[in-house]
Amino acid sequence: MVDFSINEHDQKVLDEVDRMKAVIDEKYTRYYDIHEEEIAPDVLPEAKDWVHLPKMQMERMGQPGVTKPATYSMMSSIENCLGTGVLGLNQRMGGLGNAALMAQGTKEQQEKWGGQLLAMAITEPSCGSDSKAIETTAHLDGDEWVLNGEKIFVTDGIRAKGMVVWATLDKSKGRGAIKSFIVMKGTPGFDLAKKEHKLGIRCSDTAAFVLKDCRIPRSDLLGGKEAIAEKQGGDFKGLMATFNMTRPGVGAGGTGMIKHAAKIVIAELKKEGVEVDWEQGPAKRSALQDKLIDLEAQIESSALTVYRASWLADTGKPNNLESSIAKAKGGDVSRYGGQLAVELLGTVGITEDHLAEKDWRDARITDIYEGTGEINHLIIARALLSYGSADLM
Ligand SMILES: Cc1cc2nc3c(=O)[nH]c(=O)nc-3n(C[C@H](O)[C@H](O)[C@H](O)COP(=O)(O)OP(=O)(O)OC[C@H]3O[C@@H](n4cnc5c(N)ncnc54)[C@H](O)[C@@H]3O)c2cc1C
């Protein structure tokens, strides 16, 4: 049975998150939006005495009677993203590279790097959605891998201690030759090219890197499998599976941002005497009230797709289709809901008097990284039609 129930203890924690978030909103949200050149601390001063949500989730894994961990994690992500975009409470356990390390790394690799923030570097100037087209190369020279290439738009690029870099051992061999490598900062030949200046999620540092004859130990190939897979797929399939758990997280983030914008809209319209009176029925509602209902319904339906994908993960069931649905829906709601929220606020909607305009800008990313909306729609179509990537591109 599908179960999204939350126990009393966990609800109290989420209420506490809401309270903490009000403090963060007031002190830091706009600050790090305006001061994009500054990197927010890993843990915001106020948050260090608060319950550490990701740690709490890890400690509760498998315990009886607790809200299912992945589902709970998404619920807290939605709350955590309210208003601050990805700044949230800044209580993360790791970056996207850490997710790949946990999914693909050997036990020794997980022990060696698990405690450090790792980014994930796939995208290149000539390859984005089609990640199998990467041109960064890796070849063995004695007991070292030598990497050459360019990586762009790396989230956490500045603050991460290192990153999981995708490279091909032999471009002519397709997906089976794509491997990932751990490259730590300070390795000669691994250089920061630039930090991006962005429309939204400015508190998140995004950077570009160059790898020029960058040498790393042979043991730093993630997962340790050096052979090129004969069947198309190999490690690549496993690497892509990392996204089955992170895509609902991106959907949750976007949903949270729009939920925050909606909260502002509801509060502002209330001041003007506009509230949804459910007793009145549709015939007596104004167009404005109908739009508010639409906005809330979109947010709720987006949250439900996120919960479904994470509930499947909690119960050990495949969630490839559902995680792409959650990501695509989160992207749709981020664009449509963000636009609607700003519109409902009228002219003040685009001023810095409110954070709604920031939510709108921040949420735009939901439909871009970890697979654009179009790509996730493609994955959904393939899954529903039982097509492979060669049948539907
Ligand atoms: C702020 C930010 C952070 C990022 N963080 C990371 C990160 O940490 N690591 C990383 O590796 N990358 C990261 N990225 C890169 C991101 O994953 C890519 O931007 C994304 O994969 C799209 O690639 P692209 O920009 O090259 O667009 P393209 O692939 O060139 O696509 C351009 C447009 O065409 C559409 N399109 C492409 N192929 C198809 C198709 N087959 N059918 C229909 N439409 C299609 C796309 O949806 C898009 O609208 C980040 C990007 C941003 C903006």
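Given the structure is predicted, the values throughout are model-derived calculations rather than measurements. (Residues numbered from 1 in each chain as written. Predicted model: local features only at pLDDT ≥ 70, side-chain atom pairs only at ≥ 80, totals over all residues.)

1. A word on the environment of R308
Working step 1: Within the secondary structure layout, R308 lies in helix α8 (residues 287-314).
Working step 2: Residues R308 and V2 lie 306 residues apart in sequence; the distance between their C-alpha atoms is 8.0 Å. (Helix = DSSP H or I, 4+ residues; strand = E, 2+ residues; numbered from the N terminus.)

2. Section: the packing of helix α9 (residues 320-344) against helix α10 (residues 356-363)
Working step 1: At a closest axis distance of 9 Å, the pairing of α9 and α10 adopts a crossing angle of 165°. If you check the angle between α9 and α10, you find them roughly antiparallel. Crossing of α9 over α10 shows left-handed handedness. In contact with S334, G338, Q339, A341 and V342 of α9, α10 contributes A356, E357, D359, W360 and A363.
Working step 2: Residue composition of the contact of α9 with α10, by class: five nonpolar, three polar and two charged. (Axes fitted to C-alpha atoms, helices over the stretch in contact; angles between N-to-C directions. Parallel < 35°, antiparallel > 145°, perpendicular 65-115°, else oblique. Left-handed = near helix turned anticlockwise from the far one by under 90°. Contact = placed C-beta atoms within 7 Å. Nonpolar A, V, L, I, M, F, W, Y, C, P; charged D, E, K, R; others polar.)

3. Overview of the pairing of strand β7 (residues 206-217)
Working step 1: In the sheet, strand β3 (residues 144-155) pairs with β7 via nine bridges, with the strands oriented antiparallel. For V146, the partnering residue across the bridge sits in β7 and is R215.
Working step 2: Pairing of strand β6 (residues 190-195) with β7, which is carried by five bridges, proceeds in the antiparallel orientation. Within β7, the residue paired with K194 across the bridge is A208. (Pairing = 2+ DSSP bridges.)

4. Topic: the site of the ligand
Working step 1: Among the 21 residues in the neighbourhood of the ligand, the closest are listed as I122, G128, S129, T155 and T372.
Working step 2: Elements with a minimum of two residues in the shell around the ligand: β1 (118-121), β3 and α11 (373-385).
Working step 3: Here the residues of the shell around the ligand sort into 13 nonpolar, six polar and two charged.
Working step 4: There are two domains that each give the shell around the ligand at least three residues, and those are domain 1 (8-89 + 242-385) and domain 2 (97-230). (Near = placed C-beta within 6 Å. Domains from an automatic or database assignment.)

5. Overview of the domain arrangement of the protein
Working step 1: Per the domain assignment, the segments making up the protein are domain 1 (8-89 + 242-385) and domain 2 (97-230).
Working step 2: Summarising the inter-unit geometry, the C-alpha centres of domain 1 and domain 2 are found 29 Å apart.
Working step 3: Taken together, the contact pairs 18 residues of domain 1 with 15 residues of domain 2.
Working step 4: If you list the elements that add at least two residues to the side of domain 1 that touches domain 2, you get α1 (8-34), α7 (243-271) and α10.
Working step 5: The residue inventory of the side of domain 1 that touches domain 2, partitioned by class, reads nine nonpolar, four polar and five charged.

6. Some remarks on the pairing of β3
Across a regular strand the side chains alternate sides, sitting on one face of the sheet and then on the other.
Working step 1: Relative to β3, strand β2 (residues 137-141) runs antiparallel, the two sharing five bridges. The residue of β3 that forms the bridge with T137 is N148.
Working step 2: The loop that links β2 with its antiparallel partner β3 comprises two residues; one of these, G142, has a positive phi angle of about 65°.

7. What about the nonpolar core?
Working step 1: Membership of the largest hydrophobic core comes to 37 residues, with the highest contact counts inside it found for A121, L147, M163, V164, V165, F181 and V183.
Working step 2: Contributing elements (two or more residues each) for this core: α4 (96-104), β1, β3, β4 (162-168), β5 (178-184), β7 and α6 (235-241).
Working step 3: Counting residues in hydrophobic clusters, the runner-up holds 35 residues, among them I78, A252, M257 and A363. (Core = buried A, V, L, I, M, F, W, Y, C linked by C-beta atoms within 7 Å. Buried ≥ 20, exposed ≤ 12 C-beta atoms within 10 Å, placed from the backbone.)

8. Let's talk about unusual backbone geometry
Working step 1: In this model, D156 sits at a positive phi of 70°, which is unusual for a non-glycine residue.
Working step 2: Tracing the chain through its elements places D156 in the loop between β3 and β4.
Working step 3: Among the residues examined, D156 registers 24 C-beta atoms within 10 Å and is labelled buried.
Working step 4: For S386, which is not glycine, the phi dihedral falls at a positive 55°.
Working step 5: Mapped onto the elements, S386 comes out in the segment after α11.

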